[in-house]
Amino acid sequence: MSNTLTNSAPWLALKSHFETIKNAHIKTLFEKDSKRVQHFTINEAGIYFDFSKHRITEKTVELLLDLAKEKSFEARRDAMFSGDKINITENRAVLHTALRAPKGAEVFVDGHNVLPDVHEVLDKMADFSNKIRNASWKGHTGKPIKNIVNIGIGGSDLGPVMAYEALKYFSNRSLTFRYVSNVDGSDFAEAVNDLNADETLFIISSKTFTTLETMTNAQTARAWALKQLIDPSAIARHFVAVSTNEKEVVKFGIDPQNMFGFWDWVGGRYSMSAAIGLSTMIAIGPDQYHEMLKGFHEMDEHFRTAPLNKNIPVIMGLLGIWYNNFFGAQTQAVFPYENYLKRFPAYLQQLTMESLGKHSTLKGENTDYQTGTVYWGEPGTNGQHSFYQLIHQGTRLIPVDFIGFKKSLNNIPPHQDYLIANMIAQGEALAFGKTAGEVRKEGIAEQLVPHKVFEGNRPSSTFFLDQLSPENLGKLVAMYEHSVFVQGVIWDINPFDQMGVELGKVLAQNIIPELQDKQKPIAHDFSTNALIEFYRQ
Ligand code: F6P
């Protein structure tokens, strides 16, 4: 094995630097540097990013930036923005940033400027969204559409459902939105249980239009709709598609006029700013959708142009490397103190783990270092009454991202003050803890003292924004997208393919006929055979 990363000078320098800092307490780091907050805060692109409560010094950041330089980070980033085929395993460009670039910009793929195509689709989406929102698009029986059901999975579901929940405040409340993803029939059944087909629009969202779950749900939706509407021509008024695969869309029976396209240079988990966002646009309207794209673009520009030491996604990505590869942290928690962001951690799980869960470098060698941190989270304050115990007093190191907003969308005093006080307090408690001496001063019985000690030294970042809005949601999503890219560059892996999901899909295709035909001979391993037999009985 000839991995260059762990032999590189910056990596070795970080390794020896780690030895000098691994036992340092965040409290001491603050005592030693009265300007620590100024040194470790970036207030750019409308995001106040405080990373002072990390187990780092200025030297750490300097060495991590050296590592980025060693991996030619800037050249790799510029290659992404300019449409080079950096997704080398699939020979594709990676241009989710072009989806939110303004009209008139130019980005070329194989000599073709893709921006006019992007805006043509956006205009078509806007036209369609307006028709649904102003009720001029009529269903088969002449009634306007009241319910929108997005059928998709992975990136064709998680982005839309997260954005719908996040931006519900801005949504048209006379429309109902449902999201069906699971191949479990109960997901579909419950989603349409109280809906009438003549007022329902299905958006079949699938980049490939071949995904088992989505196609099964789409067929079930068609059967459900036709049971009520009878006439097959009704499909044209009640089904639209979002896909890159026009052939399969047509085969399914959807008029290509009712198809919203995107391109192979948009990865599934990077597609919420592509036509996959159609349900979002219907919910919040084209103008606010464009505000969201503006937010994405603003963060893209920050990432593309800000100096690396003032670059939010760069610092986030490098901190991820620091904890994963030097402290051996296995997970990263993300806690939005904003209830509307309740699906944000689930969305981030696909973005981060499908992108970074790889053991093979770009050259096809096995890494000799850990990649792909496990992301997880729940909105605050709920998590505080559940799993925070383990973060405060457990034996594992779990870096935390806190995300908060100064203003609530629903100003009901004193809720917002309580919410944000809790977010700030959690970061303080994690970092500074409570010593045995402090516990004793409270007159606590001696035998309880060890149980009441908080060691502190638990790292966290705080992202503070003004108020949740389409624009700010766009910024947050782009910020995490780019932090994933940074980690991919350092680890020398391809964050834009997902070969690891294939094997299970293929094996399921073998097993389906074996479950359906009880006589079919089976020849798997003993455990798999026994499970199939159990189901068959
Ligand atoms: O199975 C993983 C995956 O390929 C994801 O990357 C993707 O977002 C999801 O399936 C859905 O794919 P599609 O949009 O093609 O249906």
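Residues numbered from 1 in each chain as written. Predicted model: local features only at pLDDT ≥ 70, side-chain atom pairs only at ≥ 80, totals over all residues. Heavy atoms only, no water.

I'd like a description of the packing of aromatic side chains, backed by residues and values.
A full pass over the atoms with the stated rule returns 39 aromatic pairs. Centroid distance phenylalanine 209 to phenylalanine 252: 6.2 Å. Interplanar angle 80°. Geometry classified as edge-to-face. One end of the pair, phenylalanine 209, is in the loop between strand E7 (200-205) and helix H9 (212-229); the other, phenylalanine 252, is in helix H11 (residues 246-252), with 43 residues separating them in the sequence. Looking at phenylalanine 209, the relative accessible area reads 1%, which means it is buried. By relative accessible area, which is 5% here, phenylalanine 252 ends up buried. Considering the side-chain rings of tryptophan 322 and phenylalanine 326, the 5.5 Å spacing of their centres and the 35° angle between planes classify their relative orientation as tilted. Of this pair, tryptophan 322 and phenylalanine 326 are both found in helix H14 (residues 312-326), four residues apart, which corresponds to roughly one turn of the helix. Classification of tryptophan 322 by relative accessible area gives buried; the value is 0%. The ring of phenylalanine 260 carries lysine 124 above its face, with NZ or CZ at 5.2 Å from the centroid. Just above the ring of tryptophan 137 sits the side chain of arginine 237; from NZ or CZ to the centre is 3.9 Å. (Phe/Tyr/Trp six-rings, centres within 6.5 Å; stacked < 30°, edge-to-face > 60°. Helix = DSSP H or I, 4+ residues; strand = E, 2+ residues; numbered from the N terminus. Buried < 20%, exposed > 50% of the residue type's maximum accessible area, 1.4 Å probe, protein only. Lys NZ or Arg CZ within 6 Å of the ring centre and 35° of its normal.)

Let's hear about the sheet that holds strand E13 (residues 460-467): which residues, and what values?
If you walk across this open sheet you meet the six strands as E1-E2-E13-E12-E10-E11, and the pairing is mixed. At either margin of the open sheet sits one strand with a lone partner, and together these are strand E1 (41-44) and strand E11 (374-376). On average, each strand axis in the sheet is tilted by 15° relative to the strand beside it, whichever way the strands run. Helix-sheet contacts for H14 involve E1, strand E2 (47-50), strand E12 (400-407) and E13, and the interaxial angle to E2 is about 30°. (Pairing = 2+ DSSP bridges. Axes fitted to C-alpha atoms, helices over the stretch in contact; angles between N-to-C directions. Contact = heavy atoms within 4.5 Å.)

Can you break down the packing of helix H5 (residues 73-81) against helix H20 (residues 470-491) residue by residue, with the values?
Here H5 crosses H20 at 130°, and the two axes come no closer than 10 Å. In this view, H5 runs oblique relative to H20, as classed from their interaxial angle. Crossing geometry of H5 relative to H20 is assigned as right-handed. On the side of H5, the interface is formed by Phe73, Arg76, Arg77, Met80 and Phe81, while H20 contributes His482, Phe485, Val486 and Val489. For the contact of H5 with H20, the residue count by class is six nonpolar, one polar and two charged. (Parallel < 35°, antiparallel > 145°, perpendicular 65-115°, else oblique. Left-handed = near helix turned anticlockwise from the far one by under 90°. Nonpolar A, V, L, I, M, F, W, Y, C, P; charged D, E, K, R; others polar.)

I'd like to hear about the sheet that holds strand E9 (residues 259-261), residue by residue, with values.
Overall, parallel pairing links the five strands, which are arranged E6-E5-E7-E8-E9 in an open sheet. Lying at the two open borders of the sheet, with one neighbouring strand each, are strand E6 (176-180) and E9. Looking at each pair of strands side by side, their axes are set apart by 20° on average, direction ignored. Bridging between strand E5 (residues 147-151) and E6 involves five bridges; their strand directions are parallel. Each bridged residue has a counterpart across the sheet, and for valine 149 the counterpart in E6 is arginine 178.

Give a detailed account of unusual backbone geometry, specifying residues and quantitative values.
Put simply, glycine 380 and threonine 381 share a cis peptide bond, and its omega is 5°. Mapped onto the secondary structure, threonine 381 falls in the loop between E11 and helix H16 (388-393). In this structure, proline 414 follows proline 413 across a cis peptide bond, with omega equal to 5°. Secondary-structure assignment places proline 414 in the loop between E12 and helix H17 (415-432). Backbone geometry at alanine 135 places phi at a positive 65°, although glycine is not the residue there. Relative to the assigned elements, alanine 135 resides in the loop between helix H6 (115-133) and E5.

Can you break down the nonpolar core residue by residue, with the values?
Of all hydrophobic cores here, the largest spans 123 residues; its most connected members are Trp265, Ile282, Trp322, Phe344, Leu473 and Tyr480. Among the elements that line this core, the one with the most residues is H20, at twelve residues. What phenylalanine 344 contacts, discounting residues up to four positions off in sequence, is Met162, Pro336, Ile403, Leu476, Val477 and Tyr480. Phe188, Trp224, Ile235 and Phe239 belong to the second largest nonpolar core, which has 25 residues in total. (Core = buried A, V, L, I, M, F, W, Y, C linked by side-chain atoms within 4.5 Å.)

Quick rundown of the pattern of salt bridges? Include the residues and the values.
Counting across every chain of the model gives 27 salt bridges. The salt bridge involving glutamate 165 is made with lysine 168; its shortest N-O contact spans 3.9 Å. Measuring nitrogen to oxygen at the nearest pair gives 3.8 Å for the salt bridge that ties glutamate 471 to lysine 294. A residue pair is termed long-range when its members are at least 10 positions apart, and glutamate 471 in helix H20 and lysine 294 in helix H13 (residues 286-305) qualify at 177 residues. Under the relative-accessibility criterion, lysine 294 is labelled partly exposed at 42%. In the salt-bridge network here, residues are joined through shared partners; they are Glu291, Lys294, Glu298, Glu471 and Lys475. (Salt bridge = Lys/Arg side-chain N within 4 Å of Asp/Glu carboxyl O.)

Give me the lowdown on helix H15 (residues 344-356), citing residues and values where you can.
Taking 1.5 Å of rise per residue, the 13 residues of H15 would be expected to cover 18 Å, and the 18 Å separating its terminal C-alpha atoms lies within 8% of that figure. All of the buried residues in H15 are Phe344, Pro345, Tyr347, Leu348, Gln350, Leu351, Thr352, Ser355 and Leu356. The elements touched by buried residues of H15 are helix H7 (158-166), strand E10 (331-337), E11, E12 and H20. (Expected span 1.5 Å × (residues − 1).)

Describe the pairing of E2, naming the residues involved and giving the relevant values.
Relative to E2, E1 runs antiparallel, the two sharing four bridges. Across the sheet, the residue bridging to asparagine 43 is tyrosine 48, located in E2. Counting the residues in the hairpin turn of E1 and E2 gives two residues, including alanine 45, whose phi is positive at 50°.

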